[in-house]
Amino acid sequence: MPARRGRPRRASARVLARASRAEAAWREFASSFTRAGMVSPAEPGLVAVEATEGTAVLLLAPRQALTFTGKCRLRCLYGAVRLLGFAVASHQPGLPIFSPATHCALSLEALPGARPPAAALRQLRAAARCAMRSHRVRRQARVKVMARFSPDCAVVLLEHLDTPVTRFLLSHPLLSRTFEPQKKEESNFTPEDAVLASVGIVKCSPDCGLLVSESMYLALEELIQTCCAEDEGVPVVLVCGPKNTGKSTFNRYLINLLLNRLPVVEYMECDIGQTEFTPPGCVSLSSVTEPVLGPPFTHQQMPCKMVYYGQTSCEQDTERYLDVVKYVFSCYKKEVPLVINTMGWVKGEGLLLLIDLIRLLSPSHVVQMDVCDWKAMPPLTPEHVHFSAGLHTRGKQQSKCKQLGMGDMESWKYPEGEDMSAPQHKLLYVHPEFPRAGAAGEARVHSSILRDMSILGYLGHLQSPDIGAVLPLHSLVPYQVPFNAVALRVIHTDVAPSNIMYAVNASWVGLCCLPEEIQCQTDGPVLLTQTPICDCLGFGIVRGVDMEKKLYHILTPVPPENLRLVNCLLLGNIAIPNCVLVSQQGIEGEIPYVTSDYNYSIMGSGKLRKKKQHMKRKEFPFECDYT
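Residues numbered from 1 in each chain as written. Predicted model: local features only at pLDDT ≥ 70, side-chain atom pairs only at ≥ 80, totals over all residues. Heavy atoms only, no water.

> Give me the overall build of the protein: which residues, what numbers.
For the protein, the helix and strand inventory stands at 15 helices and 23 strands. Residue burial in the protein is summarised as follows: out of 627 residues, 51% are buried. A fraction of 77% describes how many contacts in the protein between residues 6 or more apart in sequence connect residues 24 or more apart. Surface exposure of the protein reaches about 30200 Å², of which carbon and sulfur atoms provide 50%. (Helix = DSSP H or I, 4+ residues; strand = E, 2+ residues; numbered from the N terminus. Buried < 20%, exposed > 50% of the residue type's maximum accessible area, 1.4 Å probe, protein only. Contact = heavy atoms within 4.5 Å. Areas by Shrake-Rupley, 256 points an atom, 1.4 Å probe, with all protein chains shown as cover.)

> Can you break down unusual backbone geometry residue by residue, with the values?
Phi is positive for asparagine 244, which is not a glycine, with a value near 60 degrees. Among the structural elements, asparagine 244 can be located in the loop between strand 10 (236–240) and helix 7 (247–259). Under the relative-accessibility criterion, asparagine 244 is labelled partly exposed at 22%. One non-glycine residue, lysine 550, adopts positive backbone phi at about 60 degrees. Along the chain, lysine 550 falls in the loop between strand 21 (535–546) and strand 22 (551–555). Given a relative accessible area of 27%, lysine 550 falls into the partly exposed group.

> Can you explain helix 5 (residues 191–198)? Please cite residues and give values.
The element helix 5 is largely enclosed, with a buried count of seven among its eight residues. One or two steps after helix 5, the chain reaches glycine 200, where phi turns positive at roughly 105 degrees.

> Outline the sheet that holds strand 18 (residues 487–490), listing residues and values.
In space, the seven strands of this open sheet follow the order 17-22-21-19-23-18-20, with mixed pairing throughout. Edge strands, defined here as strands with exactly one partner in the open sheet, are strand 17 (479–482) and strand 20 (526–527). (Pairing = 2+ DSSP bridges.)

> Give a description of the nonpolar core that names residues and reports values.
Judged by nonpolar contacts, the single largest core of 61 residues is most densely connected at Tyr308, Leu459, Leu473, Trp508, Leu511, Phe539 and Tyr552. By residue number, the principal contributor to this core is helix 12 (residues 447–459), which donates seven residues. Counting 54 residues, the second-largest nonpolar core is a separate cluster that includes Ala48, Leu83, Leu262 and Val288. (Core = buried A, V, L, I, M, F, W, Y, C linked by side-chain atoms within 4.5 Å.)

> A description of a nonpolar patch on the surface should follow, citing residues and the corresponding values.
On the surface, Val212, Tyr217 and Leu218 cluster together into a nonpolar patch covering about 280 Å² of accessible area. Inspection of the secondary structure assignment puts leucine 218 in helix 6 (residues 214–228). (Patch = residues over 30% accessible without salt bridge, like charges linked within 9 Å, V, L, I, M, F, W, Y side chains within 5 Å. Salt bridge = Lys/Arg side-chain N within 4 Å of Asp/Glu carboxyl O.)

> Can you break down the sheet that holds strand 10 residue by residue, with the values?
Pairing within the open sheet is mixed, and its seven strands lie in the order 13-12-11-14-10-15-16. Edge positions in the open sheet fall to strand 13 (305–308) and strand 16 (426–430), since each of these has one partner strand only. Neighbour-to-neighbour, the strand axes of this sheet turn through a mean angle of 20 degrees, independent of strand direction. With four bridges joining them, strand 10 and strand 15 (residues 365–369) adopt parallel strand pairing. Looking at the pairing, leucine 238 lines up with valine 366 of strand 15. Packing of helix 9 (residues 349–361) onto the sheet brings it into contact with strand 10, strand 14 (338–341) and strand 15, and relative to strand 10 it is tilted by some 175 degrees. (Axes fitted to C-alpha atoms, helices over the stretch in contact; angles between N-to-C directions.)

> Please set out the environment of arginine 75 residue by residue, giving values where relevant.
By secondary structure assignment, the location of arginine 75 is in strand 3 (residues 65–78). Put simply, arginine 75 and leucine 158 are 83 residues apart on the chain and 6.6 Å apart in space, counted from C-alpha to C-alpha. Look past the residues within four positions of arginine 75 in its chain and what remains in contact with it is Gln92, Pro93, Gly94, His135, Val156, Leu157 and Glu159.

> Describe the packing of aromatic side chains, with residues and values.
This structure, assessed with the given rule, holds eleven aromatic pairs. Ring geometry for phenylalanine 483 and tyrosine 552: centres 4.6 Å apart, planes at 45 degrees, overall tilted. Of this pair, phenylalanine 483 sits in the loop between strand 17 and strand 18 while tyrosine 552 sits in strand 22, placing them 69 residues apart in sequence. Across the pair, exposure class does not vary: phenylalanine 483 and tyrosine 552 are buried alike. Chaining the aromatic ring pairs together yields one cluster made of Tyr308, Tyr458, Trp508 and Phe539. In this structure, lysine 71 packs its charged tip against the face of phenylalanine 179, placed 5.9 Å from the ring centre. (Phe/Tyr/Trp six-rings, centres within 6.5 Å; stacked < 30°, edge-to-face > 60°. Lys NZ or Arg CZ within 6 Å of the ring centre and 35° of its normal.)

Here's what the structure looks like:
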């Protein structure tokens, strides 16, 4: 895929000054509580003192937890702490952590250690002091921490965190308060709160954190033991359940627990509407080596294998969806445990499709998350999957054996000589107990908002890694791609060849690689008649189409060495977030691709719909009123 790319334009001095003023205002806000003399009693055992400008030292007593909203970089200086299941010790490098108001708040908990002998107390105190000195913690801060030090406590360093992804996402006005919590009364602030605010986090109620039910704890405990055992076969864990039952949070917690003991965990994404490591509309297989300490928009990465399905729902073409899943799953080497995420569509044909998935993937464990009354879906026992018909597969006939009730199903075993190729998974029940569990319409944030944030997180990789002002996308120079160098296909609908360029312009496209070479005797474009199942190497925005020079102008963070392999553009039903079109800085006059003078009776046209009720305004102070 030939490409030419120029240097981005420099950001204006006005934008730089605005960013500097915002940072200074945030520091002034944090320090105002201390100057005002608000010295209400601190939480027992919690010590937070300013180490240097933009950093803080936090001391936690054994098993003490800090639930917070915000973002920062965490480094453990002494002892050990746990964050969303992942244990962080003093020998590990700093970890970026993200706890936005759009998701469940993270909790940092001190892990208790073995009680050392009294003779070793002096050495332990010396080790804690040495660790703080090596990270240039001020003497006054060290004295305050050591005054409350105990051998089994934990001391962590919190640093202000600023990444290209978060800078780009927060530059959009509707998302500028993503990491801000509910407003608190100033009288409730303590000096410790002011110190934490100076590094970008705010303490919140433990009720805002993850609520681990007893059934979730038991399921996690069994899965960890199974995955770490050196038995024959590698565990394959499939997680299913209705919308808003905590599947994604359970997956992150399970992956982090496994990474405490294993160097890598495989993760297969089958939920094309709410993807974890890629933009929406993809089925992918990823090797996870780092803890997952944030929502999807904070850890967009290139998977080992990815196919762009092109839609957030597979209702219109379930056969192609199963073909895509089968293609991606064929790359799993069965050397490390695999966690499989599935869609929240579990009613009607969705349940039948889930049965097809279980038969296709043959998991060793099925984690079924549902509310206690089991109204959404029946228990997916091996017997139920064996005898029930799927959407594209048939169930085993019961004519040769008696009709079984639910009580008999639990103790039933396959008769001698019976087909043993049926699913033999172990079913684990998880009943979530957090508020609004199982109520899809009561989620914190509408699913379309989360999808847009994932796309923005992906586009954030276009930003410079250097700390500075955000570069608007329209200031970046796109790649130039000849029409005849790539094939083109619209996935979700039929488009007349004469209108294909109108559909492609200003669209989100998958950059894919077909196994066969593209051959075109003319200047193009090259149009495919069927949607291929092929590797997707990344995504881009078609900035423009030059009909005279026969060129696509594509903006993408995919590195040039991978772009050379791209020979196919797939256009699906995933749209560029409206805020990219209407909210970027530096646009004067009419906004490209957006108009208020249009005939909405034309098929395919549509308004930029506003979804003002998709955010809980009473709970979250920022708005996100775009589709």
